[in-house]
Amino acid sequence: MMDDKNLMQNLLLLEKGCCDLYLHGAVESATKNVLGAFNSALDDSLSMQDEIYAKMQNKGWYNVCDVEQTKIDQLRQKFSTAQ
């Protein structure tokens, strides 16, 4: 059954896919005009993605949890030494 939550989850997945395609298009752009078009589309898509996240979060369908600063510091240290 396609309820509102499933519909929003599908929209979010599709929007993430669009962002991915626009990003790759921007990276592979041969001219500044093409790059500008992909960057503009990416900005629009990121804005839509943010709106979808916010609506889902307001409904309780997308929960974001805070991470302790010590865990962030540990990961930062881990990846800074890996380089």
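Residues numbered from 1 in each chain as written. Predicted model: local features only at pLDDT ≥ 70, side-chain atom pairs only at ≥ 80, totals over all residues. Heavy atoms only, no water.

Participant: Account for the overall build of the protein, naming residues and giving values.
Facilitator: Scanning the protein from N- to C-terminus turns up three helices and zero strands. Traced from its N-terminal end to its C-terminal end, the protein shows the element sequence α-α-α. Its C-alpha atoms give the protein a radius of gyration of 17 Å, clearly above 12 Å, the size a compact globule of 83 residues would have. Expressed along its principal axes, the backbone C-alpha trace of the protein runs to roughly 45 × 45 × 20 Å. (Helix = DSSP H or I, 4+ residues; strand = E, 2+ residues; numbered from the N terminus. Rg over C-alpha atoms; globule rule 2.2 N^0.38 Å.)

Participant: An account of helix H1 (residues 4-27) is needed here, citing residue identities and associated values.
Facilitator: Between its terminal C-alpha atoms H1 stretches 35 Å, which fits the 34 Å expected from 24 residues at 1.5 Å a residue. Buried within H1 we find Met8, Leu12, Glu15, Cys19, Gly25 and Ala26. (Expected span 1.5 Å × (residues − 1). Buried < 20%, exposed > 50% of the residue type's maximum accessible area, 1.4 Å probe, protein only.)

Participant: Talk me through the pattern of salt bridges; I want residue IDs and the actual numbers.
Facilitator: Pairing between side chains becomes possible if they bear opposite charge and their charged atoms approach one another. Across all of its chains, the model carries one salt bridge by this definition. Here Asp73 and Arg76 are joined by a salt bridge, their closest N and O atoms 3.5 Å apart. Within this pair, Asp73 and its partner Arg76 are both found in helix H3 (residues 69-82), separated by three residues, close to a single helical turn. Judged by relative accessible area, which is 54%, Arg76 ranks as exposed. (Salt bridge = Lys/Arg side-chain N within 4 Å of Asp/Glu carboxyl O.)

Participant: Kindly report on helix H2 (residues 32-59), identifying the contributing residues and their values.
Facilitator: Taking 1.5 Å per residue as the helical rise, H2 with its 28 residues ought to reach 40 Å, and the 40 Å between its terminal C-alpha atoms agrees with that figure. Every buried residue belonging to H2 is among Ala41, Leu42, Ser45, Gln49, Ile52 and Met56, and all of these are buried. At its buried positions, H2 is contacted by H1. Phi for Gly60, located one or two positions after H2, is positive at around 85 degrees. (Contact = heavy atoms within 4.5 Å.)

Function cannot be read off these values alone, since they describe shape.
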